[in-house]
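Now for the letters of each chain:
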Amino acid sequence: MLKGRTAVITGSGRGIGKAIAMKLASYGANIVINDIPSSEDADKTCEEIKAMGVDSIVIKGDVRNKDDVDSLIAKTLEQFGKIDIFVNNAGITRDCLMIRMSEEDWDLVMDINLKGAFNCIKAVARPMMKQRSGAIINIASIVGVMGNPGQANYVASKAGLIGLTKTTAKEFATRGIRCNAVAPGFISSAMTDVLSEDVKKQYFDAIPLGRFGETENIADVVAFLASDMSQYVTGQVINVDGGLVM
């Protein structure tokens, strides 16, 4: 389905990003693992993907830094000659009630989750426009649709990412570039493992399907949006949340 294509996934050393990388690799795509310079998981993920019989490299860097992002794009093109799929997955949380939230925590979350995606889209747009094709997939969140107490910075960044998705789709559609977003609900991962049992129960009781999601559920939808099966889909936000938001 994706044989011979090149996919770049930010924040892909572990968690949802790793699941996406592994899924796209299983369909034959060459994979560029991108994560922060201190990540040890990125190299391990890369080796796992190579063992699947596809090519993979690690390019570390900070998506907040334009030079790092430009280097990510340049090194990918040097290795593979093209970029067919770009997944903006890198993200963090710094949860706190708004009245207590520091300016530093607001800025950090916005810089990584939203500015980082902007930097990457801007950088990858030029080679994609040149080849007149490409799929950009942004990992948003259902809280960017519905809001969530104690996550003003994270919610604002993900709501902004949804708006950025729609604008990107409109600006680049005539060049054959599609841009969509996936909005995960409560997905079992390192990011959700730190939540209290009370918070987890509140979410669990509100999910019609009666279970938490897995990273594989997000990866499946990303694979669809990255493939030709979604060639007439752009500017959309797909909630993967077990029915939590309807």
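Throughout this document, residue positions are counted from 1 along each chain, in the order its sequence is written. Reporting of local features is limited, given that this is a predicted model, to residues whose pLDDT is at least 70; pairs of side-chain atoms are given and counted only at 80 or more, and all residues count toward the totals for whole chains, interfaces and linings. With hydrogens and water stripped out, all remaining heavy atoms of the structure feed into the side-chain values.

**Q** Would you mind going over the overall build of the chain in detail, with residue names and values included?
**A** Each helix and strand in the chain was counted, giving nine helices and seven strands. For the radius of gyration, the atoms used are the C-alpha atoms, and the globule rule reads 2.2 Å times the number of residues raised to 0.38. On C-alpha atoms alone, the chain measures out to a radius of gyration of 17 Å, which is about the 18 Å that the 2.2 N^0.38 rule sets for 246 residues. In terms of overall dimensions, the chain has a C-alpha envelope of 50 × 40 × 35 Å along the principal axes. Think of it in three bands: with a 1.4 Å probe and only protein chains considered, a residue is buried below 20% of the maximum accessible area for its type, exposed above 50%, and partly exposed in between. Counting every position in the chain, which comprises 246 residues, the buried fraction comes to 51%. Any two residues whose heavy atoms approach within 4.5 Å are treated as being in contact. Pairs at least 24 apart in sequence give 73% of the contacts found in the chain among residues at least 6 apart. Note on areas: Shrake-Rupley with a 1.4 Å probe; residue coverage comes only from the protein chains shown. A total of about 11700 Å² of accessible surface is found on the chain, and carbon and sulfur atoms cover 52% of it. The helix and strand labels rest on DSSP assignments: H or I over at least four residues marks a helix, E over at least two residues marks a strand, and numbering proceeds from the N terminus.

**Q** Just give me the short version of helix α9 (residues 215-226), but keep the residues and values in it.
**A** Here, expected helix span is obtained from the residue count minus one, scaled by 1.5 Å. Here α9 is 12 residues long and its end C-alpha atoms lie 17 Å apart, about the 16 Å a rise of 1.5 Å per residue gives. Every buried residue of α9 is accounted for by T215, I218, A219, V221, V222, A223, L225 and A226. Its buried side turned inward, α9 meets α1 (15-26), β4 (85-88), β5 (134-139), β6 (177-184) and β7 (237-240).

**Q** Mind laying out the pairing of strand β1 (residues 6-10), listing which residues take part and the relevant values?
**A** Burial of β1 is extensive: five of the five residues sit out of reach of the surface. Residues of β1 alternate between two faces, with T6, V8 and T10 on one and A7 and I9 on the opposite face, all of them buried. Note on pairing: two strands pair once DSSP finds at least 2 bridges between them. Here five bridges tie β1 to strand β2 (residues 30-34), and the two strands are oriented parallel to one another. By the bridge assignment, V8 is partnered in β2 with V32. Place the viewer so that the strands point away; then a crossover is right-handed whenever the path from the first strand over the helix to the second strand goes clockwise. Taking the sense of rotation as the criterion, the β-α-β connection linking β1, α1 and β2 turns out right-handed.

**Q** Go over the layout of surface pockets, please, and point to the residues and values.
**A** When its volume is computed, the second largest pocket comes out at roughly 150 Å³. The rule is simple: put a 1 Å grid over the protein atoms alone, call a set of points where a 1.4 Å probe fits but cannot get out a cavity, call an open set with protein on both sides within 12 Å along at least five of seven lines a pocket, and count a residue as lining if it has an atom within 4 Å of a point. Forming the boundary of the second largest pocket are R5, D84, I85, S133, G134, A135, G176, R178, A226, S227, D228 and Q231. Three residue categories are used. Nonpolar comprises Ala, Val, Leu, Ile, Met, Phe, Trp, Tyr, Cys and Pro, charged comprises Asp, Glu, Lys and Arg, and polar comprises the others, including Gly. When its residues are assigned to classes, the lining of the second largest pocket shows three nonpolar, five polar and four charged. Grid points are joined across faces, edges and corners, and a volume is the space filled by probe spheres set on the points.

**Q** Now, about empty space enclosed by the protein: what can you tell me, with residues and values included?
**A** Counted by the stated rule, this structure contains one cavity of 30 Å³ or more. Residue lining of the largest cavity: 13 residues in total, with N88, N89, A90, N113 and A117 positioned closest to the centre. Elements supplying a minimum of two residues to the lining of the largest cavity: α4 (103-131) and α6 (152-172). Counting residues per element, the lining of the largest cavity draws most heavily on α4, at five residues. Across the lining of the largest cavity, the residue classes break down as seven nonpolar, five polar and one charged.

**Q** Pulling in residues and values, what's your account of a negative patch on the surface?
**A** Patches here: salt-bridge-free residues with over 30% relative accessible area, like charges joined within 9 Å, nonpolar side chains (Val, Leu, Ile, Met, Phe, Trp, Tyr) joined within 5 Å. Take a side-chain nitrogen of Lys or Arg and a carboxyl oxygen of Asp or Glu: if they are within 4 Å of each other, that pair is a salt bridge. The charge count treats Lys and Arg as positive and Asp and Glu as negative. His and the chain ends do not count. All charge positions are set by atom: Lys at NZ, Arg at CZ, Asp at CG, Glu at CD. On the surface, E103, E104, D107 and D111 cluster together into a negatively charged patch. Structurally, the position occupied by E104 is in helix α4.

**Q** How would you explain the pattern of salt bridges if you had to name every residue and give the values?
**A** Applying the stated rule across the entire model yields 10 salt bridges. Notably, a salt bridge pairs K18 with E48, separated by 2.9 Å at the nearest N-O pair. You can see K18 sitting in helix α1 and its partner E48 sitting in helix α2 (residues 41-50), a full 30 residues away along the chain. When the shortest N-O distance is used, the salt bridge between D220 and K23 registers 2.9 Å. Pair noted here: D220 is in helix α9 and K23 is in helix α1, with a separation of 197 residues, a long-range link. Given a relative accessible area of 35%, D220 falls into the partly exposed group. Three or more residues joined by partner-sharing salt bridges are found here, namely K23, E216 and D220.

**Q** Can you tell me about the packing of aromatic side chains, naming the residues and giving the values?
**A** Only rings of Phe, Tyr and Trp enter the pairing, Trp through its six-membered ring, and a pair is recorded when the two centres are within 6.5 Å. The plane angle decides the type: under 30 degrees is stacked, over 60 is edge-to-face, the rest tilted. As enumerated under the stated definition, the model contains three aromatic pairs in all. Look at F186 and Y203: their rings are 5.2 Å apart centre to centre, the planes differ by 50°, and that puts the pair in the tilted class. Separated by 17 residues along the polypeptide, F186 in the loop between β6 and α7 (190-193) and Y203 in helix α8 (residues 197-206) bring together distant segments of the chain. We classify Y203 as buried; its relative accessible area is 16%.

Remember that the coordinates give geometry; whether it matters functionally is a separate question.
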